Amino acid sequence: MTIQLPSLKLALVCGGTGAEHIGSIESALWILSQFRPDHRPSFFYQHPDGRLAEAAELPGLFETWAAHPYIKAWSDPAGAEQCRAIFRQAAAWRGVPWTTLTSGDWDLVWPAFHGRGGEDGSFQGFCESLDLPYAGCGIAASVISVDKIKTKAILRVSGLPVLPQATIDDWELGTDSAFSALIELPKDHQYESGSSFDAIKAISPALAERIIEIEQRLQYPVFVKPASLGSSLGVTKAINRQELITALIQSLTLDRRVLIEPQCNWPEYGIGLCGLDDPKVSLVVGYALNPDFFDYEAKFGNQAQDDAIPARLDANQTRQLQELAVAAWHALDLESCARVDCFYENGQFAINEVNTMPGFGAHSVYAEAFTKAGLPPTALLDQIMAAGLDRHWRRNQLNTGFKDRL
């Protein structure tokens, strides 16, 4: 079914204080260039320190972004010029950006953030507190899905397949001084056989016990992942105890919780979804894994263009992966848009990751997989926004006042 949206007054917000700042800018610029011509978008950029850019800054910022090696959207000259035209108009605006954002009569806000500070439920809560409709998943799904440990706990109890795992929370390490001492371990200690583990035992016996437990439950190599960072940022492969120690300490400086999983040698696939109760499903993407895990460079560098769309699977395998993605959509209460990444081989599946605001832009397998499934970018964006508007309408139909009890 084709969504028939009226012309909308839109606030597109990107950047943010998180580590995926550049990816957020690329997604937002691509989205801006692909909106239906009759929509009326405005652009808001949050600097890494939390400030919203003044309107007059935007034209100059755009030219800086266009030269960034990871922002490749300017291979489409028409799209780039459309962005320039919007920013030229924005340069004439007056007023405080935050005031403009919070008091504007927006039909819908699109938070094009990735990771912490925007995709993690924080901005979604901001929108709901102001009664603003917004694109993307709701608060609960955003909070849960940005945390790999919480996500997999819900998937597991929902009967969906995930890899075996171990987790470590920073509070398990002991006192703050113990954690500081772990961070300060000399680099040469971390690579000397035995000496680093002896130092760990002296500083944090609990961490030493957890390392032994990890080795007993999971075989090397393992991947150590900060729980709430996306785009594979901070993910480290460890092939022995020394590398595991280093990876754990590094990850615990990036996040309070760490996920450890064994290496899965099955091919990885991505499935895009959009809508609400009965989501549309994209073609399955076969990821090009080179090096041997889907790191930041594999996602955003030149080799990202080697992903197979559609994946080289038969019809039954494709259907099984798509059904698994839909099951994850419902288990996590996803809405509007998401991408589910899965491992699959010989009838065995494991859900690897869920993205509640998939990347858009020149590297976006999400948009391309929908385009090749017959839903081009303009229609895809309308579908995502229509779901956000419908969710907002449903929410406002609920009786939440209880005024008779006050």
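Here the structure is a predicted model, which means the values were calculated and not measured.

J.: Break down the overall build of the chain for me, with residues and values.
T.: Scanning the chain from terminus to terminus reveals 16 helices and eleven strands. Buried positions account for 55% of the 406 residues belonging to the chain. As presented, the chain carries roughly 17,600 Å² of accessible surface, and 53% of it is formed by carbon and sulfur atoms.

J.: So what's going on with the nonpolar core? Residues and values would help.
T.: As a rule of thumb, nonpolar side chains are buried together in soluble globular proteins. Within the largest apolar cluster, 42 residues are counted, with the highest numbers of intra-cluster contacts made by F43, W110 and F360. Looking at this core, the elements with two or more residues in it are β1 (9-15), α1 (21-34), β2 (40-46), α2 (58-66), α3 (77-90), β3 (108-111), α15 (365-371) and α16 (377-397). Sequence-distant contacts of F43, defined by excluding residues within four places in its chain, comprise L12, C14, A28, L29, L32, L58, W65, F87 and W93. L313, L321, L332 and A338 belong to the second largest nonpolar core, which has 26 residues in total.

J.: Residues and numbers for the side chain of S33, please.
T.: Locating S33 in the fold gives a position in helix α1. For S33, a relative accessible area of 11% translates into the label buried. Among the polar contacts made by the side chain of S33, one reaches the main-chain carbonyl oxygen of W30 at a distance of 2.8 Å. Those residues in contact with S33 that lie beyond four places of it in its chain are G79, Q82 and C83.

J.: So what about the packing of helix α11 (residues 205-217) against helix α12 (residues 241-254)? Which residues, and what values?
T.: Contact pair α11 / α12: the axes reach a minimum separation of 11 Å and the direction vectors enclose 125 degrees. Considered as vectors, α11 and α12 are oriented oblique to each other. The element α11 and its partner α12 pack so that their crossing is right-handed. The residues of α12 that touch α11, namely those facing L207, I211, I212, I214 and E215, are R241, L244, I245 and L248. Partitioning the contact of α11 with α12 into residue classes produces seven nonpolar, no polar and two charged.

J.: Provide a residue-level description of the environment of A328, including the pertinent values.
T.: Position of A328 among the secondary structure elements: in helix α14 (residues 315-331). Put simply, A328 and V354 are 26 residues apart on the chain and 8.5 Å apart in space, counted from C-alpha to C-alpha. Leaving out residues up to four positions away in the same chain, A328 has contacts with L155, L160, L334, V340 and I351.

J.: Outline the packing of aromatic side chains, listing residues and values.
T.: In total, this model carries 15 aromatic pairs according to the counting rule given. Aromatic side chains Y45 and W65 sit 4.9 Å apart centroid to centroid with 65 degrees between the ring planes, which places their arrangement in the edge-to-face category. Of this pair, Y45 sits in strand β2 while W65 is found in helix α2, placing the two residues 20 residues apart along the sequence. Of the residues examined, Y45 reaches a relative accessible area of 5% and is grouped as buried. When the centroid spacing of 5.2 Å and the interplanar angle of 55 degrees are considered together, the rings of F113 and F123 count as tilted.

J.: So what's going on with α1? Residues and values would help.
T.: Here α1 is 14 residues long and its end C-alpha atoms lie 20 Å apart, about the 20 Å a rise of 1.5 Å per residue gives. With 13 of its 14 residues buried, α1 lies for the most part within the structure.

J.: Give me the lowdown on the pattern of salt bridges, citing residues and values where you can.
T.: Taken as a whole and assessed by the stated rule, the structure comprises 27 salt bridges. One salt bridge connects E63 with R84, and the closest N-O pair in it is separated by 2.8 Å. Of this pair, E63 sits in helix α2 while R84 sits in helix α3, placing them 21 residues apart in sequence. Between D147 and R257 there is a salt bridge, with its nearest N and O atoms 3.5 Å apart.

J.: Residues and numbers for the packing of α2 against α3, please.
T.: Packing of α2 against α3 leaves a shortest axis separation of 8 Å and a crossing angle of 155 degrees. As summarised for this structure, α2 and α3 are arranged roughly antiparallel, according to the angle between their axes. Of α3, the residues touching α2 (which contributes L58, P59, F62, E63 and W65) are A80, C83, R84, F87, R88 and A90. A breakdown of the residues in the contact of α2 with α3 according to their chemical character gives eight nonpolar, no polar and three charged.

J.: Explain the sheet that holds strand β8 (residues 268-275) residue by residue, including any values.
T.: In space, the four strands of this open sheet follow the order β9-β8-β10-β11, with antiparallel pairing throughout. Either end of the sheet is taken by a strand with one partner, and the two such strands are β9 (280-286) and β11 (348-355). For this sheet, the mean inter-axis angle between neighbouring strands, taken without regard to orientation, is 25 degrees. One ladder, built from eight bridges, connects β8 with strand β10 (residues 336-345); its direction is antiparallel. Bridge pairing links G270 to D341 in β10. Of the strands in this sheet, β8, β9 and β10 are in contact with α16, which crosses β8 at around 60 degrees.

J.: Residues and numbers for the environment of S282, please.
T.: Here S282 is to be found in strand β9. Along the chain, S282 and A373 lie 91 residues apart, while their C-alpha atoms are 6.0 Å from each other. If we ignore the near neighbours within four places in the chain, the residues touching S282 are I271, G272, Q322, A369 and F370. In terms of polar contacts, S282 uses its side chain to reach the backbone amide nitrogen of G272, at 2.9 Å.

J.: Give me the pairing of β1: which residues, what numbers.
T.: Burial runs high along β1: six of the seven residues are buried. As judged from the seven bridges shared by β1 and β2, these two strands associate in the parallel manner. Within β2, the position partnered with G15 by the bridge is Q46. Examined bridge by bridge, β1 and β3 share four bridges and lie parallel to one another. Among the inter-strand pairings, A11 is bridged to a residue of β3, identified as V109.

Definitions and cut-offs
- Residues numbered from 1 in each chain as written.
- Predicted model: local features only at pLDDT ≥ 70, side-chain atom pairs only at ≥ 80, totals over all residues.
- Heavy atoms only, no water.
- Helix = DSSP H or I, 4+ residues; strand = E, 2+ residues; numbered from the N terminus.
- Buried < 20%, exposed > 50% of the residue type's maximum accessible area, 1.4 Å probe, protein only.
- Areas by Shrake-Rupley, 256 points an atom, 1.4 Å probe, with all protein chains shown as cover.
- Core = buried A, V, L, I, M, F, W, Y, C linked by side-chain atoms within 4.5 Å.
- Contact = heavy atoms within 4.5 Å.
- Polar contact = N/O pair within 3.5 Å; in protein donor to acceptor, adjacent residues only side chain to side chain.
- Axes fitted to C-alpha atoms, helices over the stretch in contact; angles between N-to-C directions.
- Parallel < 35°, antiparallel > 145°, perpendicular 65-115°, else oblique.
- Left-handed = near helix turned anticlockwise from the far one by under 90°.
- Nonpolar A, V, L, I, M, F, W, Y, C, P; charged D, E, K, R; others polar.
- Phe/Tyr/Trp six-rings, centres within 6.5 Å; stacked < 30°, edge-to-face > 60°.
- Expected span 1.5 Å × (residues − 1).
- Salt bridge = Lys/Arg side-chain N within 4 Å of Asp/Glu carboxyl O.
- Pairing = 2+ DSSP bridges.

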